[in-house]
Amino acid sequence: MSLPEFQVLRPRTLEEALELLDRRRGAIQVIAGGTDLVPSLKQKLFAPRYLLDLKSLGELRYIRNGAGLEIGALTTVSEVAGSAEVRRHFPVLAEAAHVIASPVLRTMGTLGGNLCLDTRCLWYNQSQFWRQSCGFCLKKDGTACHVAPGGDRCWAVFSGDTAPALLALGAEIEIVSPRGARRLPLEQFYTGDGMARMKLAGDEILTRIFVPAESSGMRGAYLKFRLRGSIDYPLAGVAVALSISPDGMCLGGRVAVTALNPAPLVVQGSQEALHNARLSDELLETLAQLAGRSIKPLTTSASTPEYRRDIARVFVKRAVRQAWNP
Ligand SMILES: Cc1cc2nc3c(=O)[nH]c(=O)nc-3n(C[C@H](O)[C@H](O)[C@H](O)COP(=O)(O)OP(=O)(O)OC[C@H]3O[C@@H](n4cnc5c(N)ncnc54)[C@H](O)[C@@H]3O)c2cc1C
């Protein structure tokens, strides 16, 4: 599993990075920690002539908590997981970052890379030899989807852990290109299509993540189902963030899920159900049912869709209870 040949470009400033990206459009790919991209290069899923290495952009590696939380995209996952500010004021984000991969991968991997992760599928994340033996697939080099044969849509799954936590906290992101900067809710970043997974043009870089001040102090929980407890991508993940009043009422909150659809998403109706709510079995059942309607697990992983559907519903109940009464 050798790496294809490529040239690494190491800009010293964001301006330089944007210029390089623009000039080599179509032949260049961004690399941050490389923990997801390098295995994919070895599997020949990509063969860019140039890699734009962002790691030297120190200006995008910071965590600030003032009027809300601001994190540079090049901040490592272990820095997010270990930050006292994040752990104290935005616990669901620290929890989600803490269970990503393994300590070594968290030390290399970045928050920006985690949000821009490629979607994953049993038929896609394989060697070229393996994929060729099955006639390839819709997402790469083939014409048919093995998960939903006959369809023209890719169902590869978004499998990052921090996105649901940030969605539950109502986060926004900043994207920069030679045309300037734009800011959008994280919820609007993902397309829901396994192939063109996010709204990021070829000359754009994800630069910053913002969590609003109103989300500071929200109680939270992140539960994750994975095959290898010490190092695996999620096969189902549930994040919950709740504002709980001193008398135990939930003033507002959100439930978000990952690894169950081609995009991470806020469970539709969860905000309304949690508004001025008291903890009860009925509320938990309602939220589990809402989640059941939002998710669409298919045969994209080694675990069955039925099991992942069941576990998602159970995790919603457990995560809400856990966040409510930490
Ligand atoms: C064995 C193993 C287990 C793993 N387990 C998990 C897990 O449990 N949970 C999980 O979430 N992840 C997991 N990962 C994936 C990965 O380690 C993390 O998601 C990590 O945070 C990715 O960040 P990175 O900086 O290494 O991304 P990279 O690999 O550098 O990039 C990932 C993608 O994002 C793009 N990209 C990166 N930064 C930017 C940017 N600033 N702007 C625009 N595009 C960008 C790249 O072009 C690439 O397409 C695992 C990986 C391995 C190898």
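Scroll up to find the structure.
All of the points below concern the structure found in this document.

**A word on the packing of helix H11 (residues 281-294) against helix H12 (residues 305-324)**
(1) Moving on: Here H11 crosses H12 at 140°, and the two axes come no closer than 9 Å. By the angle between their directions, the pair H11 and H12 is classed as oblique. Crossing handedness for the pair H11 and H12: right-handed. Taking contact as the criterion, the partners of Asp281, Leu283, Leu284, Glu285, Leu287, Ala288, Gln289, Ala291 and Gly292 in H11 are, on H12, Arg309, Arg313, Val316, Lys317, Val320, Arg321 and Trp324.

**Considering the site of the ligand**
(1) Moving on: By nearness alone, 33 residues border the ligand, and Val30, Thr35, Thr110, Asp161 and Asp232 come closest of all.
(2) Moving on: Within the backbone of Leu37, one N or O atom sits 2.8 Å away from an oxygen atom of the ligand.
(3) Moving on: Coverage of the ligand by the protein chains reaches 94% of its 980 Å² of free accessible surface.
(4) Moving on: Here the residues of the shell around the ligand are counted per class, giving 17 nonpolar, 11 polar and 5 charged.

**Quick word on the layout of surface pockets**
(1) Moving on: Of the volumes computed, that of the second largest pocket is approximately 320 Å³.
(2) Moving on: Every residue lining the second largest pocket is counted, 18 residues in all, and those nearest its centre are Arg120, Leu235, Thr300, Ser301 and Ala302.
(3) Moving on: Considered class by class, the residues forming the lining of the second largest pocket number 9 nonpolar, 5 polar and 4 charged.

**Quick look at empty space enclosed by the protein**
(1) Moving on: Scanning all chains against the criterion turns up 1 cavity of 30 Å³ or more.
(2) Moving on: Here the largest cavity is characterised by a volume of approximately 80 Å³.
(3) Moving on: Forming the boundary of the largest cavity are Cys121, Trp123, Tyr124, Cys137, Leu138, Lys139, Cys145, His146, Val147, Cys154, Trp155 and Ala156.
(4) Moving on: Residues that form the lining of the largest cavity fall into these classes: 10 nonpolar, 1 polar and 1 charged.

Rules and cut-offs
- Residues numbered from 1 in each chain as written.
- Predicted model: local features only at pLDDT ≥ 70, side-chain atom pairs only at ≥ 80, totals over all residues.
- Heavy atoms only, no water.
- Axes fitted to C-alpha atoms, helices over the stretch in contact; angles between N-to-C directions.
- Helix = DSSP H or I, 4+ residues; strand = E, 2+ residues; numbered from the N terminus.
- Parallel < 35°, antiparallel > 145°, perpendicular 65-115°, else oblique.
- Left-handed = near helix turned anticlockwise from the far one by under 90°.
- Contact = heavy atoms within 4.5 Å.
- Near = heavy atom within 4 Å.
- Polar contact = N/O pair within 3.5 Å; in protein donor to acceptor, adjacent residues only side chain to side chain.
- Areas by Shrake-Rupley, 256 points an atom, 1.4 Å probe, with all protein chains shown as cover.
- Nonpolar A, V, L, I, M, F, W, Y, C, P; charged D, E, K, R; others polar.
- 1 Å grid on protein atoms, 1.4 Å probe; cavity = no way out; pocket = protein on both sides within 12 Å on 5 of 7 lines; lining within 4 Å.
- Points joined across faces, edges and corners; volume = space filled by probe spheres on them.

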